[in-house]
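Residues per chain, in single letters:
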Amino acid sequence: MESSDWKITVRDFRCLKNVDWSPEGVCLLAGPNGAGKTTLLNAILLLCRWFLSGHQEALRFTQSAYLRHLDAADSDPVIFEIRVGDITWSLALPVDARGLTASYGETLKYGDETILRAEMYKDQWVFDGKSRPFDPGRCCAKWVWDREEPEWMRPLVDRLRKVRIYFSYWLNQVKTPGLSGESDSYLNHSGANLWTVLRNWKSSPRKYRDQFAWVINAMRAAFPGQIVDIEFDGPPAQPHGKIIYSSDSAIEKSVPAFLAADGFLTGLLQLTAVAGAPEGYLVAFDEMENRLHPHAIRSIISSMREIAEERDMTIILSSHSPVVMNTFKDEEERFYLLEEHNGKFPTPLNEACNPDWLAHFSLGDLYERNEFASPLPKRN
Amino acid sequence: MRVALLPTGKAELLGFPGAFNRLFPAHEFHTIAKIDDQKHPFDSFTSSPLPIQATSVPASLDKIIQKAASELVPGRTAAGPPIDLLIITEDLELANRHQPQTVVDAVRQAACNHIAGLNQRLADQVREAFRERASFHLLVPMLESWFFADPVGAFSLAGVPADRLPPRLVPDCDPEAFETGDPQFAKDTGDHCLAWRALPANKRNDKKIKPGWLKRGPQRVYHPKDYLSWLCRSGAKKNCTRYRETHEGKDALEGLNWHRALSTPVHCQYMRSLLADIEWTLNTGLNVQNGACAPLTDFSRRPVNHIFRNI
């Protein structure tokens with residue numbers, strides 16, 4: 001299956017009224033504050049967690065209150081849906097300001113065939129022609145998957161499993177690491193296990209496909225003169241990074257991680273996050289430009305593009321940075337505005353604006369001048 | 001017809017439509033701002049000396065050219081009638097007063113650079129649009145010189161008190177070769193600027209507050225805006241003047257009597273070039289160009305290899 005052969009649909013979730021979106025490759029989300037960039041990433045995560053860990057865990061993570069769009073009627077459910085190839089899995093959530101008010105609706109379809117159906121407010125769901133009681137710990141689709149792992153369902157499950165979203169890193173924990181799983185092989189959402197992950201990659205390059213070397217090379221390009229290698233101190237469950245920044249002389253020069261600049265560590269976290277994502281994964285970064293120099297931004301995005309193409313990954317960046325936007329010149333179809341144009345939301349920039357008109361500008365300039373994704377009211 | 005003006009000054013941004021509509025009421029004039037709020041004009045690129053024969057041009061000029069091109073080809077959306085004429089205006093500030101050709105060359109170079117970065121199809125369209133429908137004109141040395149060409153009308157709108165009139169320029173002064181002959185202005189040290197003097201020292205030297213003529217030193221005598229600001233001086237104002245581009249400057253521009261301003265055939269040649277360009281396009285028969293146009297920006301004397309209509 002192509003990585004792009006999926007679509008997420010969201011109706012009336014917080015500030016998102018009506019979303020239909022199929023991101024592919026390295027994509028950018030842009031919009032004014034409050035337009036829904038973070039909320040859209042949260043919607044993806046909520047669907048994944050709903051399936052993998054159950055609705056209570058999903059709602060706990062995304063905060064269960066105020067789920068519904070303010071303009072929606074009280075009777076309108078909040079809808080989430082994901083379609084992967086021929087499989088469509090939908091959730092309909094009856095909510096009030098405090099959260100779920102009753103049992104939620106759920107359907108799973110394979111082509112035209114409805115595999116399972118649970119209606120809102122009912123205490124039974126239907127699968128295989130039989131009514132069944134709900135399992136409080138998992139959704140109905142997960143129940144079907146756990147029962148016999150039907151092969152036709154695998155693309156959906158893979159899509160939901162292969163998602164990692166990074167909102168903001170806990171830099172204090174990166175600088176003074178606490179205990180983490182000794183065998184961690186990818187970056188967790190807080191980034192707190194950074195040194196463990198990098199140490200494991202470095203110690204087993206074959207097992208981890210030279211990911212450590214890729215990260216170091218990408219870091220060298222993004223932060224010239226600031227890094228040649230990373231070494232590790234401390235016990236196995238609590239390693240500390242040591243940044244080697246020069247090996248020209250006989251004596252290696254290094255700084256402990258807690259002295260590294262925040263921007264440097266942010267870049268290292270982002271590159272580690274993408275390097276640790278296997279084939280077909282979706283990795284998202286909310287406001288990836290924070291703390292980074294423009295050169296580092298451009299270099300990191302270039303490295304992300306390289307790995308996204310190699311591994312057929314989708315990387316979603318949300319940003320307010322003109323520098324980030326400028327890297328999407330000639331890729332306007334992957335630059336999504338959180339604005340409605342011709343019934344589309346989000347809208348690819350090349351559909352919101354004439355591509356010939358866009359060709360005259362650097363995209364960051366246009367954003368800076370409120371030509372798109374503007375907080376100002378639209379002109380007629 | 002639709003005429004768009006892309007200026008680099010606030011008074012022009014706000015006042016050009018009214019000023020030209022009064023002269024050509026059958027046509028539509030609008031200005032293009034840097035930000036879509038009609039408050040921020042594009043940045044000037046002549047406040048520092050431009051290098052001669054440079055292939056790279058100031059970023060602020062690049063942005064002006066990008067915007068101009070995008071307004072002509074293809075327009076942001078398919079909606080709306082096309083622009084018949086787009087005019088970029090820029091001051092020939094004192095820093096570049098000696099080299100108008102260099103400023104014009106920089107504009108031509110910026111247009112070439114922009115076209116070179118486009119795909120072939122779009123490049124051809126923009127090249128043709130620039131040559132057929134876009135002009136570049138200079139305000140020499142700046143908009144306020146026009147008001148000295150019509151002190152009777154524009155000065156009261158600009159807020160100059162009647163007892164300070166007439167302005168004292170050197171004899172037979174062409175406002176575009178502006179030079180005051182007002183000794184009081186030349187030697188003014190701002191003693192009367194009471195509100196400004198009362199500010200703490202660091203605030204007094206804030207470049208946004210310090211009166212322009214006090215910042216300028218001896219060069220002030222060539223600066224029409226400084227002199228106009230001084231004529232509108234007010235000790236009660238922190239910047240020591242009542243003249244504001246966004247208010248008095250806009251009003252004076254809108255109320256400018258074009259015929260009176262162009263009544264001396266050998267004066268205001270750059271201004272006349274601008275008017276003649278618009279008039280020729282609109283074919284109005286107003287004949288305001290009765291007199292000499294500046295050869296450098298004169299539409300009828302454009303070079304064979306012109307990039308814009310007139311340069």
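Just above sits the structure.
Anyway, here's the lowdown on the structure attached to this text. (Residues numbered from 1 in each chain as written. Chains lettered and ligands numbered in written order. Predicted model: local features only at pLDDT ≥ 70, side-chain atom pairs only at ≥ 80, totals over all residues. Heavy atoms only, no water.)

### Let's talk about the environment of Ser70(B)
Here comes step 1: Take Ser70(B): it is sitting in helix 2 (residues 59–72).
Here comes step 2: Between the C-alpha atom of Ser70(B) and that of Val126(B), which follows or precedes it by 56 residues, the distance is 8.5 Å. (Helix = DSSP H or I, 4+ residues; strand = E, 2+ residues; numbered from the N terminus.)

### Here we look at the pattern of salt bridges
All names here are of chain B.
Here comes step 1: Following the criterion strictly, the structure yields 34 salt bridges over all chains and no others.
Here comes step 2: Residues arginine 309 and aspartate 277 are paired through a salt bridge, measuring 2.4 Å at the closest nitrogen-oxygen approach. One end of the pair, arginine 309, is in the segment after helix 14 (269–282); the other, aspartate 277, is in helix 14, with 32 residues separating them in the sequence. Accessibility assignment for this pair places arginine 309 and aspartate 277 in one class, buried. (Salt bridge = Lys/Arg side-chain N within 4 Å of Asp/Glu carboxyl O. Buried < 20%, exposed > 50% of the residue type's maximum accessible area, 1.4 Å probe, protein only.)

### Details of the nonpolar core
Residues and elements named next belong to chain A.
Here comes step 1: Within the largest apolar cluster, 68 residues are counted, with the highest numbers of intra-cluster contacts made by Trp195, Phe285, Met288, Ile315, Leu317 and Phe335.
Here comes step 2: With eight residues, the top contributor of residues to this core is helix 8 (residues 262–275).
Here comes step 3: Aside from chain neighbours lying at most four places away, what touches leucine 317 is Val26, Cys27, Leu28, Leu29, Phe285, Met288, Ile301, Met304, Val324 and Phe328.
Here comes step 4: Leu16, Leu46, Trp89 and Leu156 belong to the second largest nonpolar core, which has 57 residues in total. (Core = buried A, V, L, I, M, F, W, Y, C linked by side-chain atoms within 4.5 Å. Contact = heavy atoms within 4.5 Å.)

### What to know about the state of the cysteines
Here comes step 1: This structure, assessed with the given rule, holds one disulfide over all chains.
Here comes step 2: With its sulfur 2.0 Å from that of its partner, Cys193(B) forms a disulfide with Cys240(B). Negative torsions about the S-S bond denote left-handed disulfides, and the value of about -85 degrees found for Cys193(B) with Cys240(B) makes this one left-handed. You can see Cys193(B) sitting in the loop between helix 7 (183–187) and helix 8 (194–197) and its partner Cys240(B) sitting in the loop between helix 11 (224–231) and helix 12 (245–254), a full 47 residues away along the chain. As far as burial versus exposure is concerned, Cys193(B) and Cys240(B) are alike and both buried.
Here comes step 3: Residue Cys27(A) stays outside any disulfide, its sulfur separated by 16 Å from that of Cys48(A), the closest cysteine.
Here comes step 4: Using a relative accessible area of 0% as the deciding quantity, one classes Cys27(A) as buried. (Disulfide = S-S within 2.5 Å.)

### Some remarks on the sheet that holds strand 3 (residues 85–91) of chain B
All names here are of chain B.
Here comes step 1: Across the sheet, which stays open at both edges, the four strands sit in the order 2-1-3-4 with parallel pairing between neighbours. Strand pairing shows two members of the sheet lacking a second neighbour, strand 2 (28–31) and strand 4 (134–139), which therefore form its edges. Put simply, the sheet's adjacent strands are angled 25 degrees from each other on average, direction ignored.
Here comes step 2: With six bridges joining them, strand 3 and strand 4 adopt parallel strand pairing. Within the sheet, the bridge partner assigned to aspartate 91 lies in strand 4 and is leucine 139.
Here comes step 3: With respect to the sheet, helix 1 (residues 10–23) is in contact with strand 1 (2–6), strand 2, strand 3 and strand 4, its orientation differing from that of strand 2 by roughly 170 degrees.
Here comes step 4: Each of strand 1, strand 3 and strand 4 touches helix 2; the most contacted strand, strand 3, lies at about 165 degrees to it. (Pairing = 2+ DSSP bridges. Axes fitted to C-alpha atoms, helices over the stretch in contact; angles between N-to-C directions.)

### What to know about unusual backbone geometry
Here comes step 1: The residue after Val140(B), namely Pro141(B), is reached through a cis peptide bond having omega -15 degrees.
Here comes step 2: On the secondary structure map, Pro141(B) appears in the loop between strand 4 and helix 5 (144–149).
Here comes step 3: With an omega of -5 degrees, the peptide bond running from Leu165(B) to Pro166(B) counts as cis.
Here comes step 4: Tracing the chain through its elements places Pro166(B) in the loop between helix 6 (151–158) and helix 7.
Here comes step 5: The phi torsion at Glu287(A) lies on the positive side, around 50 degrees, for a residue other than glycine.
Here comes step 6: Here Glu287(A) is to be found in the loop between strand 16 (282–286) and helix 9 (294–310).
Here comes step 7: Note on Glu287(A): relative accessible area 25%, which makes it partly exposed.

### Observations regarding empty space enclosed by the protein
All names here are of chain A.
Here comes step 1: In the structure shown here, the tally under the stated rule is one cavity of 30 Å³ or more.
Here comes step 2: What lines the largest cavity is Trp6, Ile8, Ile44, Leu47, Cys48, Ile82, Arg159, Leu160 and Val163.
Here comes step 3: Only strand 1 (6–13), helix 1 (37–53) and helix 4 (154–161) provide two or more residues apiece to the lining of the largest cavity.
Here comes step 4: If one sorts the elements of the lining of the largest cavity by residue count, helix 1 sits on top with three residues. (1 Å grid on protein atoms, 1.4 Å probe; cavity = no way out; pocket = protein on both sides within 12 Å on 5 of 7 lines; lining within 4 Å. Points joined across faces, edges and corners; volume = space filled by probe spheres on them.)

### Here's the deal with the sheet that holds strand 11 (residues 130–133) of chain A
All names here are of chain A.
Here comes step 1: Ordered in space as 2-1-4-5-8-9-10-11, the eight strands form an open sheet in which the pairing is antiparallel. Looking at the sheet topology across the chains shown, the edges are occupied by strand 2 (16–21) and strand 11. Taking each pair of neighbouring strands and ignoring which way they run, the sheet shows an average axis angle of 15 degrees.
Here comes step 2: Bridging between strand 8 (residues 105–110) and strand 9 (residues 113–118) involves five bridges; their strand directions are antiparallel. When the sheet's bridge partners are listed, threonine 107 is paired in strand 9 with arginine 117.
Here comes step 3: Here helix 3 (residues 140–148) sits on the sheet and contacts strand 5 (87–93), strand 8, strand 9, strand 10 (124–127) and strand 11; the angle it forms with strand 10, its principal contact strand, is near 45 degrees.

### Observations concerning the interface of chain A and chain B
Here comes step 1: Between chain A and chain B, the residue contacts involve 14 residues of the former and 18 residues of the latter.
Here comes step 2: In total, chain A and chain B occlude about 1,600 Å² of area from one another, counting both sides; carbon and sulfur atoms represent 48% of this.
Here comes step 3: A per-residue breakdown of the area chain A buries against chain B is headed by Asp356(A), His360(A) and Arg369(A), which together make up 42% of the total.
Here comes step 4: Seen at the junction of chain A and chain B, the total is three salt bridges.
Here comes step 5: Glu371(A) is the partner of Lys67(B) in a salt bridge, and the nearest nitrogen-oxygen pair spans 2.6 Å. (Buried area = accessible area lost by both parts, 1.4 Å probe.)

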